[in-house]
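Secondary and tertiary structure notes
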Amino acid sequence: MPNIASFLAHKIKPNCAVWEITLKCNSNCIHCGSKAGRSRPNELNTNEALTLVKELHDCGYKGVALMGGEPLIRDDWYEIAKEIKKYKMDLSIVSNGLAVIPHIQNLKNLNVDCVSLSLDGATPKIHDYIRGIQGSHKKTLKAIDELKKEKIPVSVITSVNKINFKELNLIKKLLIDRNIAWQIQICVPIGRFPKELVITREEFYTLALFIAINQKKYSYRRLPLIGAHCLGHFSRYIPNLGLNPWVGCQAGLSVLGIQSNGNIKGCLTLPENFIEGNIRTQNLKEILGSLRSRKKELNRLCVNCDLVKSCKGGCLGTANALKCSEDPYCLRAIEKKLFNLEQFPVRGKLDSTFSKFKNLYYNFIVK
C-alpha cells in the first residue's frame, strides 16, 4: 500500500512563487532575514521582471506573492503586479504597512487577492522596537483599517521571538471578529536576527499549544489562525496547525523563492549556497528541474525517527537556520524529551500511523 504522504508529494505541482522584487526597505527590523535596507545590486529591471512573470505562468504557478524589502516602494511594483493579474495568477502583497495607504486605490484596482501586513506587537513600544521605526505600529493599524474599509482582503503575519512572545494574547484581541487571517511564525537566526532572541524549545512548544487552543476555542470565521510551516508537525497531542496536510517541505516543489536580482532558490529563507540559478542566464524551467532533484540532508534525530518518510525533516529553512541547536525544533522530539517518551517497535508504528491520520482528520474534517 503506498505511503499517503509519498502519494500526495508525487502529485505536487508549482503553486506559489514568493518574489522579493526589491531589497530596498523603509523599516529596519531586528529579525530581517535578508538584512533589507538598500536595493540589492543589479536588481531586475522592468522588462526582465515582466518576462519572469510570463515564465512563472508558463511553468504552471498559480500565484505570486510580492515582497521585499518593501515591495510598494519599488517604482514599477504596480506594473509588475498588473502583469501577474493579466496572466490570471493570484496576487498577494507582503508589506510592513508603512506605504500601504497611498497605494490603496491601486491595490483596489488590481483586485489583489490579499495584502499581508506584519504586526509584531500589540503595543507601539514592542512593535516599533522590533520594526526599528517609531510610529510604525500606528501606521500598520491604520493600514489595516483602510484595507478593511475598501474591502481588500487583509491578513497579518506575526514573527515570534523572546521580545514579543507574551504579546500574542493582546494581538489576538486586536484581530478577533474582524475577518483578518493571522499567521504565526518563529524568528530564526538568519540575517540581522541574533541567536539569543530565538525562543527556546519549551517556548516553541508553548507557542504551538497557543495556536492549537485558539483554533479549538474560536471558529475559523471568528479567528482564522494558522501556524506557519516552521511550527512543527506530527505531534502526538497537537493537531496540524497549518492549512494542509504536511507532505514535506515545499521549497523548490510547490513553492519558489526569487531574489530581486533574479537568483532562484527553493525558499527565500535558505542561505546563498541554495541558489540554484539565475533567470538572466537560464530559463526558469531548467532551474526548476534542478531544484526538484536536489536532495535534502537530514540530521541524526530525523534520520532515526519513525516518521521521517512522511515528515521529511520538517521546514528546510528552519532546520538549516537552527542546525547549530543540539536538539531540533520539532514538536515530536520535544514531547519525547518533556514527557520521557520512548518508542517501542510496535507502539512506534501504531503511534506514527495515528499521527498521520490525525493530521489529515483535523485538516479535512474538523477544520
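Look up a bit, the structure's there.
Model, not experiment: these values are computed from the prediction.

1. Quick look at the environment of Lys125
In this structure, Lys125 sits in helix 5 (residues 124–131). Since its relative accessible area comes to 70%, Lys125 is described here as exposed. With 10 residues separating them in the primary sequence, Lys125 and Gly135 have C-alpha atoms 9.4 Å apart.

2. Here's the deal with the nonpolar core
Core analysis: the biggest nonpolar cluster contains 79 residues, and Trp19, Leu56, Leu66, Trp182, Ile186, Leu207 and Leu256 have the highest contact counts within it. Considering every element that reaches this core, the biggest residue donor is helix 8 (residues 201–217), with seven residues. The residues that make up this core include at least three from each of domain 1 (11–290) and domain 2 (298–364). In this structure, Trp246, Leu270, Leu307 and Leu316 belong to the second largest nonpolar core, which totals eight residues.

3. Looking at the packing of aromatic side chains
Overall, the coordinates contain five aromatic pairs when judged by the stated rule. Each ring, one from Trp77 and one from Tyr78, has its centre 5.8 Å from the other, and the planes form 80°; the classification is edge-to-face. For Tyr78, a relative accessible area of 23% translates into the label partly exposed. Plain terms: the ring middles of Tyr205 and Phe339 are 6.4 Å apart, the flat faces sit at 70° to each other, and that makes the pair edge-to-face. One end of the pair, Tyr205, is in helix 8; the other, Phe339, is in the loop between helix 13 (331–338) and helix 14 (345–366), and 134 residues separate them in sequence. Exposure remark for Tyr205: the relative accessible area of 6% places this residue in the buried category.

4. Let's talk about helix 2 (residues 46–58)
Taking 1.5 Å per residue, 13 residues should reach 18 Å; helix 2 reaches 19 Å between its end C-alpha atoms and fits that length. Among all positions of helix 2, only Ala49, Leu50, Leu52, Val53, Glu55 and Leu56 are buried. Against strand 1 (16–20), strand 2 (63–67), helix 3 (77–86), strand 8 (255–258) and helix 9 (284–293) lie the buried residues of helix 2. At the N-terminal boundary of helix 2, the capping side chain belongs to Asn45, with an oxygen 3.1 Å from the backbone nitrogen of Asn47.

5. Comments concerning the sheet that holds strand 7 (residues 225–227)
Strands pair in a sheet through their backbones, by hydrogen bonds, and they do so in one of two ways: parallel or antiparallel. The sheet built from 10 strands is open, its strands ordered 7-6-5-4-3-2-1-8-9-10 with mixed pairing. Here the strands that pair on one side only, and so sit at the sheet edges, are strand 7 and strand 10 (277–278). As paired strands, strand 9 (residues 263–265) and strand 10 are joined by two bridges and run antiparallel to one another. Opposite Ile264, over in strand 10, you have Gly277 as the bridge partner.

Cut-offs used in this document
Residues numbered from 1 in each chain as written. Predicted model: local features only at pLDDT ≥ 70, side-chain atom pairs only at ≥ 80, totals over all residues. Heavy atoms only, no water. Helix = DSSP H or I, 4+ residues; strand = E, 2+ residues; numbered from the N terminus. Buried < 20%, exposed > 50% of the residue type's maximum accessible area, 1.4 Å probe, protein only. Core = buried A, V, L, I, M, F, W, Y, C linked by side-chain atoms within 4.5 Å. Domains from an automatic or database assignment. Phe/Tyr/Trp six-rings, centres within 6.5 Å; stacked < 30°, edge-to-face > 60°. Expected span 1.5 Å × (residues − 1). Contact = heavy atoms within 4.5 Å. Polar contact = N/O pair within 3.5 Å; in protein donor to acceptor, adjacent residues only side chain to side chain. Pairing = 2+ DSSP bridges.

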